[in-house]
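Observations on the three-dimensional arrangement
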Amino acid sequence: MTRKILLVEDDAAAAGYVAKGLHEAGFAVESCGDGRDGLFLASEGIFDLVIADRMLPGLDGLSMLGALRAANIRTPVLILSALATVDDRVKGLQAGADDYLTKPFSFAELLARVEALLRRGDGAGAEPQVTRLTVGDLEIDLLARSVARQGRALPIGGREFNLLEFLARHAGQVVTRTMMLEKIWNYHFDPGSNVVDVHIGRLRRKLEEGFDAPILHTVRGAGYRLSLDG
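Residues numbered from 1 in each chain as written. Predicted model: local features only at pLDDT ≥ 70, side-chain atom pairs only at ≥ 80, totals over all residues. Heavy atoms only, no water.

An unreviewed UniProt entry lists the protein under the name Response regulator transcription factor, with Sphingomonas gei given as the organism.

Quick look at the structure:
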């Protein structure tokens, strides 16, 4: 299975260079350039490794790392930084980093460290990868990309499946239109269309027609919530 890496780097040239090399090495890479965005994405728990610059806009790399560890998210994190003193490296490791690589670096060394961290994560203490999500009587098989409610298979695929997976990973929480536009459609602005509402409407019909209890709720003025409890 392809390993997923989150790259949090605000230098576009450096991010492009690292992402290209990782893609060529067979990894799936998602990139962002802001510490707050990095924290949001890493909190989803879908990545095998996070590579983060230390100096980031929005939220610096060590603060982002501290927030992840405080939330008990144990995804391995490799910190990249031009701050190269022993004290700097110690602070990074004490903040919860699994490794610390100073700039400038060779891609060969970066790749070797990435592979070492992933091997370490494959050890006996590693958390099992989530392959199935359950929300009330709704079951989502992430590997087969299939959905069933009360044992009945539902015809959900493509973009609607991605949307449902995102809602299920935040089950019980309000998910805003902006969050969905950024994650599912990769829009970092509101295009002024009703694309979210159209897909939510279609998804709701498939999830609820023929069932007594609603599961996809509109939170007026805020967004949507996937929950059997209302």
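**Things to note about the overall build of the protein**
Secondary structure assignment for the protein yields eight helices and 11 strands. Taken against the 2.2 N^0.38 rule, which gives 17 Å for 230 residues, the C-alpha radius of gyration of the protein at 19 Å falls within 12% of a compact globule. Projecting the C-alpha coordinates of the protein onto the three principal axes gives extents of approximately 60 × 40 × 35 Å. Put simply, the protein has 230 residues, and 42% of those count as buried. Put simply, 55% of the contacts in the protein that link residues at least 6 apart link residues at least 24 apart. For the protein, the exposed surface amounts to about 11700 Å²; the carbon and sulfur share of it is 50%. (Helix = DSSP H or I, 4+ residues; strand = E, 2+ residues; numbered from the N terminus. Rg over C-alpha atoms; globule rule 2.2 N^0.38 Å. Buried < 20%, exposed > 50% of the residue type's maximum accessible area, 1.4 Å probe, protein only. Contact = heavy atoms within 4.5 Å. Areas by Shrake-Rupley, 256 points an atom, 1.4 Å probe, with all protein chains shown as cover.)

**Structural notes on unusual backbone geometry**
Excluding glycine, a negative phi dihedral is what most residues carry, and trans is how most peptide bonds are arranged. Of note, the bond from Lys103 into Pro104 is cis; its omega dihedral lies within 30 degrees of zero at -5 degrees. Structurally, Pro104 can be placed in the loop between strand S5 (99–102) and helix H5 (107–121). Backbone geometry at Arg145 places phi at a positive 55 degrees, although glycine is not the residue there. Relative to the elements of secondary structure, Arg145 occurs in the loop between strand S7 (138–141) and strand S8 (146–149).

**Concerning the pairing of strand S10 (residues 216–219)**
Sheet topology places S10 next to strand S11 (residues 223–226); four bridges connect them, and they run antiparallel. For Val219, the partnering residue across the bridge sits in S11 and is Gly223. The antiparallel hairpin formed by S10 and S11 contains three residues in its connecting segment, where Gly221 sits at a positive phi of about 80 degrees. (Pairing = 2+ DSSP bridges.)

**Considering the packing of helix H6 (residues 158–169) against helix H8 (residues 195–208)**
Relative orientation of the contacting elements H6 and H8 amounts to 80 degrees, with a least axis distance of 10 Å. For the element pair H6 / H8, the angle class is roughly perpendicular. Facing Arg159, Glu160, Leu163, Leu164 and Leu167 of H6, the residues of H8 in contact are His199, Ile200, Arg202, Leu203, Lys206 and Leu207. Class assignment for the residues of the contact of H6 with H8 results in six nonpolar, one polar and four charged. (Axes fitted to C-alpha atoms, helices over the stretch in contact; angles between N-to-C directions. Parallel < 35°, antiparallel > 145°, perpendicular 65-115°, else oblique. Nonpolar A, V, L, I, M, F, W, Y, C, P; charged D, E, K, R; others polar.)

**Let's talk about the sheet that holds S8**
In sheet architecture, strand pairing relies on hydrogen bonds along the backbone and comes in two forms, parallel and antiparallel. Judged by pairing direction, the sheet is antiparallel, and its four strands sit side by side in the order S6-S7-S8-S9 without closing on themselves. Sheet topology places strand S6 (132–135) and strand S9 (152–154) at the edges, where each strand pairs with a single neighbour. Put simply, the sheet's adjacent strands are angled 25 degrees from each other on average, direction ignored. Judged from the four bridges that link them, S7 and S8 form a sheet pairing that is antiparallel. Paired with Ile140 across the bridge in S8 is Val147. Packed on one face of the sheet, H6 meets S6, S7 and S8 and runs near 115 degrees to S7.

**Let's talk about the nonpolar core**
Leu138, Ile140, Leu164, Leu167, Met180, Leu207 and Leu226 are the most contacted members of the largest nonpolar core, which totals 30 residues. Breaking this core down by element, the ones donating at least two residues are S6, S7, H6, helix H7 (177–184), H8 and S11. At six residues, H6 tops the list of elements feeding residues into this core. Ignoring sequence-local partners within four residues, the contact set of Leu167 consists of Val175, Met180, Ile200, Leu203, Leu216, Tyr224 and Leu226. (Core = buried A, V, L, I, M, F, W, Y, C linked by side-chain atoms within 4.5 Å.)

**Quick notes on the pattern of salt bridges**
Using the criterion set out here, one finds 13 salt bridges in the structure. Residue Arg69 is joined to Asp98 by a salt bridge in which the shortest nitrogen-to-oxygen separation is 2.9 Å. Highlighted residues: Arg69 in helix H3 (residues 61–70) and Asp98 in the loop between helix H4 (86–94) and S5, separated in sequence by 29 residues. Asp98 gets classed as partly exposed once you look at its relative accessible area, which sits at 29%. Within this structure, Glu9, Asp53 and Lys103 form a network of salt bridges that share partners. (Salt bridge = Lys/Arg side-chain N within 4 Å of Asp/Glu carboxyl O.)

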